[in-house]
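Residue-level listing of the chains:
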Amino acid sequence: MPADLEAIVAAAKSGDLRLTRHYGEERQGAPDRPWYSEIVYGLAHDAPELVGDDRGVDGEGAVCRITCMTSDGNAFEVRINYEASPMRIVTAFRLGRGGRDA
């Protein structure tokens, strides 16, 4: 099943989007990694763009790649396991200051 961006955005808006233990404990808040609140803001209030979808070829459940921005204009990519219930943020990283093309 392909990723449903509307369903992912709805999960972010409702608070039903979780972090994987790996991201939550080891990556979140590092200089190149956005916080959960920044990820949710980008998904729920920016114009998220679906840029890739592996549709489950890695065996861990289907993961899609989405780009969007934090409230202060930092572009990032987030990878979401959209087949998990609830959906999970696998990883996220900043793309550079000043927008998606930075």
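Residues numbered from 1 in each chain as written. Predicted model: local features only at pLDDT ≥ 70, side-chain atom pairs only at ≥ 80, totals over all residues. Heavy atoms only, no water.

## A short note on the overall build of the chain
Argument step 1. Helices and strands together make up the secondary structure of the chain, namely three helices and five strands.
Argument step 2. Along the chain, from the amino end to the carboxyl end, the secondary structure elements read α-β-α-α-β-β-β-β.
Argument step 3. The globule rule puts the C-alpha radius of gyration for 102 residues at 13 Å, and the 12 Å found for the chain is close to it.
Argument step 4. By its C-alpha atoms, the chain is 35 × 25 × 25 Å across when sized along the principal axes.
Argument step 5. Counting only residues that meet the buried cut, the chain has 40% of its 102 residues in that class.
Argument step 6. Considering only contacts within the chain whose residues lie at least 6 apart along the sequence, 48% involve residues at least 24 apart.
Argument step 7. When the accessible surface of the chain is totalled, it reaches about 5600 Å², and 46% of it is carbon and sulfur.
Argument step 8. In the chain, 12 side chains carry a positive charge and 17 a negative one; their mean positions are 3 Å apart. (Helix = DSSP H or I, 4+ residues; strand = E, 2+ residues; numbered from the N terminus. Rg over C-alpha atoms; globule rule 2.2 N^0.38 Å. Buried < 20%, exposed > 50% of the residue type's maximum accessible area, 1.4 Å probe, protein only. Contact = heavy atoms within 4.5 Å. Areas by Shrake-Rupley, 256 points an atom, 1.4 Å probe, with all protein chains shown as cover. Lys, Arg positive; Asp, Glu negative; His and termini not counted. Charge placed at Lys NZ, Arg CZ, Asp CG, Glu CD.)

## Quick notes on the side chain of Glu 38
Argument step 1. Along the chain, the position of Glu 38 falls in helix H3 (residues 36-45).
Argument step 2. At 3.1 Å, the side chain of Glu 38 and the side chain of Arg 94 are in polar contact.
Argument step 3. With near-sequence residues (within four places) excluded, Glu 38 lies in contact with Thr 70, Phe 76 and Arg 94. (Polar contact = N/O pair within 3.5 Å; in protein donor to acceptor, adjacent residues only side chain to side chain.)

## Digging into unusual backbone geometry
Argument step 1. With an omega dihedral of 0°, the bond running from Ser 85 to Pro 86 counts as a cis peptide bond.
Argument step 2. If you trace the backbone, Pro 86 turns up in the loop between strand S4 (74-81) and strand S5 (87-97).

## A look at the pairing of strand S3 (residues 63-69)
Argument step 1. Burial analysis of S3 places six of its seven residues in the buried class, the great majority of the element.
Argument step 2. The pairing of strand S2 (residues 49-53) with S3 spans four bridges and is classified as antiparallel. Its bridge partner lying in S3, Glu 49 is registered against Thr 67. (Pairing = 2+ DSSP bridges.)

Purely geometric numbers; function is a separate question.
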